[in-house]
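Residue strings, one per chain:
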Amino acid sequence: SDRDLAERVGTICQEKLDIPVCTQLLVRGGGSEDVSYMMNRVQKQGGQSTYMRILSHQYAPAHDRRFDFDEVVLSNAVKIFCAAVYDILQ
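Our subject in this report is the structure included herewith. (Residues numbered from 1 in each chain as written. Predicted model: local features only at pLDDT ≥ 70, side-chain atom pairs only at ≥ 80, totals over all residues. Heavy atoms only, no water.)

**Some thoughts on helix α1 (residues 3–16)**
- Taking 1.5 Å of rise per residue, the 14 residues of α1 would be expected to cover 20 Å, and the 19 Å separating its terminal C-alpha atoms lies within 8% of that figure.
- Every buried residue belonging to α1 is among L5, A6, V9, G10, I12 and C13, and all of these are buried. One side of α1 carries all its buried residues, which in axial view fall inside an arc of 155 degrees. When the buried face of α1 is taken as reference, the exposed residues oriented beyond 90 degrees from it are R3, D4, E15 and K16.
- Of the surrounding elements, those touching the buried residues of α1 are α3 (74–89).
- Note on α1: the residue one or two positions beyond its end, D18, has a positive phi of about 55 degrees. (Helix = DSSP H or I, 4+ residues; strand = E, 2+ residues; numbered from the N terminus. Expected span 1.5 Å × (residues − 1). Buried < 20%, exposed > 50% of the residue type's maximum accessible area, 1.4 Å probe, protein only. Arc of directions from axis to C-beta. Contact = heavy atoms within 4.5 Å.)

**Remarks on α3**
- For α3, built from 16 residues, the straight-helix expectation of 22 Å at 1.5 Å per residue is met to within 8% by its first-to-last C-alpha distance of 23 Å.
- Within the sequence span of α3, burial applies to I80, A83, A84 and D87. Along α3, the residues classed as buried sweep out an arc of 100 degrees about the axis, all on the same side. Opposite the packed face of α3, turned more than 90 degrees from it, sit the exposed residues V78, F81, Y86 and L89.

The structure is reproduced here in structure tokens:
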């Protein structure tokens, strides 16, 4: 993730949406190769990218047959994405 964009999204979450944010914004979380490839491609084209995880308990790692999470948090993901786009486009 680009630090500037990660911090910007974190600020939006805290100040505009009242959504809690992890204190360690740039943790190497082991994102999947498809997301990593897309993020690298965006950065190589001069853009910024960030990997956002919505605060939810995961019952197993991604791509595991037991993977699941509480879908209630999906509404926060939509709010965060829309608020970030709005903030960037002003």
